[in-house]
Amino acid sequence: MRNIIIGIFCLLLVSCSETKMLQSSLLKLNSSVEYLHDSPETSCFKPKQVYVNIDNAPIDTITTVSKLNGLLIPLIVFDYYNIEMKVKLGQSSIQENYNNFFFNSIAEESKRSGCFNVTDEKTNDSIYSLDLKIDSCNTISKYRKSFIFMYLFFAYSYSYSESGSPAETNLQVSAKLRKGDSLIYEKKYIVKRNQPFVPQPGMNSNKLRADFTTNMVEGLSLSTKNCIEQIVDDVNTSIHGSKGSVIQIDETLKTDNQQQEVITIPVEKKTSAINNEVATDQLERGDSVTFYNFGTNTYLKGVVKDIKADTLIIEYESFGKTKTTEVNKSDIKRL
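All values derive from a computational prediction rather than experimental measurement.

Turning to the overall build of the protein, a few remarks are in order. When helices and strands are tallied, the protein shows 3 helices and 13 strands. Taken over 335 residues, the protein has a buried fraction of 42%. Within the protein, residue pairs in contact and separated by at least 24 positions form 71% of the contacts whose partners lie at least 6 positions apart. Carbon and sulfur atoms form 50% of the exposed surface of the protein, whose accessible area is close to 18,600 Å².

This is the structure:
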């Protein structure tokens, strides 16, 4: 009986400190938010400069953990404990300063697909100015821990497990492009992304939490990439007036009492262009395949690790790291 009381007491102590323990562990981990610039390069003449000004990003200083729900069942010969926690990504888990990363990514993207140059200094040549305000930048996920303790006479056994959930990113950015004092266009960009998390089997807690953190940062990275590519495309069309450009605000038709119009442009949904020449039902674990990756907007090589009804778990290498992802069979092609 004494051992049972001690076991239950220890379990109660663990339940009170799980969020603090997980947060302390995650604060020691970080990952790079840098992404692969793979948009098509343009060879257009770039005589125009755009001064880019970015408001402070409303991203938390540190990654935080809070309790969502928990369950404790203390019995005489059986104890069960389960807790689900919410993890919110903060700057402490990102190697680069997010504000600097956002500006540098716009500058880099303008070199590839833009027909303008980006500057952070307001000079006489910078007749165009792009004011960006990051309204919200939230990446959250869930983390679960469970513990089972069984006691019978002089013998006992226990099991412990941890698991992570996909990361959800909600990024909202307001943009105003001006030429001198004239407003050319105003738009709010809203990007929502669900980043799947498929941990490798048999990994320990430290590796699981490191991959969990990397997955959250990667979700933010790819959401930022999506947003920046839209911004650069809209600045292109607004400055050069190409076909399908952003609708411009006619200053002559606007009165002091009229509310300024927010221009919205639908985000083009990318679909896979892979022709599935080989029946994927014939694939086996270990087969080498190519698959379309929506995050990097390119085709990657990988190896089949698991086969499900309509999807496959593919292991591949990205930025020197081995990762896994779940891909529809229709997006797979055997090598």
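Most of strand S11 (residues 311-318) sits out of view: 6 of its 8 residues are buried. Bridge count for S11 against strand S12 (residues 321-328) is 8 bridges, and the pairing is antiparallel. Paired with Ser-318 across the two strands is Lys-321, which belongs to S12.

Residues spaced three or four apart along an α-helix point in a common direction, a consequence of the helix completing one turn every 3.6 residues. With 36 residues, helix H3 (residues 205-240) should reach 52 Å at 1.5 Å per residue; the first-to-last C-alpha distance of 53 Å fits that figure. With 28 of 36 residues buried, H3 is to be regarded as a mostly interior element. Two or three places before Asn-206, at the start of H3, stands the capping residue Asn-204, its side-chain oxygen 3.3 Å from that residue's backbone nitrogen.

Turning our eyes to something else, we now look at the pattern of salt bridges. Going through the model one piece at a time under the given rule, you end up with 15 salt bridges. Two residues, Asp-131 and Arg-178, come together in a salt bridge whose shortest N-O distance is 2.9 Å. Of this pair, Asp-131 sits in strand S5 (residues 128-152) while Arg-178 is found in strand S7 (residues 167-179), placing the two residues 47 residues apart along the sequence. Relative accessible area serves as the criterion here: at 24%, Arg-178 is assigned to the partly exposed category. Residues Lys-188 and Asp-135 are paired through a salt bridge, measuring 2.9 Å at the closest nitrogen-oxygen approach. Linking Lys-188 in strand S8 (residues 182-195) with Asp-135 in strand S5, this pair joins segments that are 53 residues apart in sequence. Look at Asp-135 and you get partly exposed, because its relative accessible area is 26%. Via salt bridges that share partners, Asp-38, Lys-225 and Glu-229 belong to a single interconnected network.

Now for helix H2 (residues 98-112). An ideal rise of 1.5 Å per residue puts 21 Å on 15 residues; H2 measures up with 21 Å between its terminal C-alpha atoms. Along H2, the residues that are buried comprise Tyr-98, Asn-99, Phe-101, Phe-102, Phe-103, Ser-105, Ile-106, Ala-107, Glu-109, Ser-110 and Arg-112.

Here the focus is the confidence of the model for the protein. Interpretation of this model should avoid reading the predicted coordinates in detail wherever pLDDT is low. For the protein, mean pLDDT is 78; residues scoring 70 or higher make up 74% of the total. Mean pLDDT in the protein bottoms out at helix H1 (residues 2-26), which sits at 66, and peaks at S7, which reaches 95.

What follows concerns the nonpolar core. One finds Phe-102, Leu-130 and Leu-132 to be the most contacted residues of the largest nonpolar core, which totals 51 residues. Residue assignment for this core shows that the elements contributing at least two residues are H1, strand S1 (49-54), strand S3 (78-88), H2, S5, S7, S8 and H3. With 11 residues, the top contributor of residues to this core is H3. The residues touching Leu-130, leaving out its near neighbours within four places in the chain, are Val-50, Tyr-51, Val-52, Asn-53, Ala-175, Lys-176, Leu-177, Tyr-185, Ile-231 and Val-235. In this structure, Ile-314, Tyr-316, Val-327 and Ile-332 belong to the second largest nonpolar core, which totals 10 residues.

Our next topic: the packing of aromatic side chains. Overall, the coordinates contain 5 aromatic pairs when judged by the stated rule. Arranged with centres 6.1 Å apart and planes meeting at 65 degrees, the rings of Tyr-98 and Phe-102 form a pair that is edge-to-face. Highlighted residues: Tyr-98 and Phe-102, both in helix H2, separated by 4 residues, approximately one helical turn. With a centroid separation of 5.9 Å and 80 degrees between ring planes, the pair formed by Phe-197 and Phe-212 is classed as edge-to-face. You can see Phe-197 sitting in the loop between S8 and H3 and its partner Phe-212 sitting in helix H3, a full 15 residues away along the chain.

Here we come to the side chain of Ser-105. In this fold, Ser-105 is placed in helix H2. Here Ser-105 falls in the buried class, since its relative accessible area comes to 2%. What Ser-105 contacts, discounting residues up to four positions off in sequence, is Tyr-35, His-37 and Ile-228.

All right, on to the packing of H2 against H3 then. It is the contact of H2 with H3, at a shortest axis distance of 10 Å, that shows an interaxial angle of 45 degrees. Judged on the interaxial angle alone, H3 and H2 are oblique. Two packed elements cross with a definite hand, and for H2 against H3 that hand is right-handed. Residues Tyr-98, Phe-101, Phe-102, Ser-105, Ile-106, Glu-109 and Ser-110 of H2 touch H3, and the partners they reach there are Leu-220, Thr-224, Cys-227, Ile-228, Glu-229, Ile-231 and Val-232. Residue composition of the contact of H2 with H3, grouped by class: 9 nonpolar, 3 polar and 2 charged.

Rules and cut-offs
- Residues numbered from 1 in each chain as written.
- Predicted model: local features only at pLDDT ≥ 70, side-chain atom pairs only at ≥ 80, totals over all residues.
- Heavy atoms only, no water.
- Helix = DSSP H or I, 4+ residues; strand = E, 2+ residues; numbered from the N terminus.
- Buried < 20%, exposed > 50% of the residue type's maximum accessible area, 1.4 Å probe, protein only.
- Contact = heavy atoms within 4.5 Å.
- Areas by Shrake-Rupley, 256 points an atom, 1.4 Å probe, with all protein chains shown as cover.
- Pairing = 2+ DSSP bridges.
- Expected span 1.5 Å × (residues − 1).
- Polar contact = N/O pair within 3.5 Å; in protein donor to acceptor, adjacent residues only side chain to side chain.
- Salt bridge = Lys/Arg side-chain N within 4 Å of Asp/Glu carboxyl O.
- pLDDT = per-residue confidence, 0-100.
- Core = buried A, V, L, I, M, F, W, Y, C linked by side-chain atoms within 4.5 Å.
- Phe/Tyr/Trp six-rings, centres within 6.5 Å; stacked < 30°, edge-to-face > 60°.
- Axes fitted to C-alpha atoms, helices over the stretch in contact; angles between N-to-C directions.
- Parallel < 35°, antiparallel > 145°, perpendicular 65-115°, else oblique.
- Left-handed = near helix turned anticlockwise from the far one by under 90°.
- Nonpolar A, V, L, I, M, F, W, Y, C, P; charged D, E, K, R; others polar.

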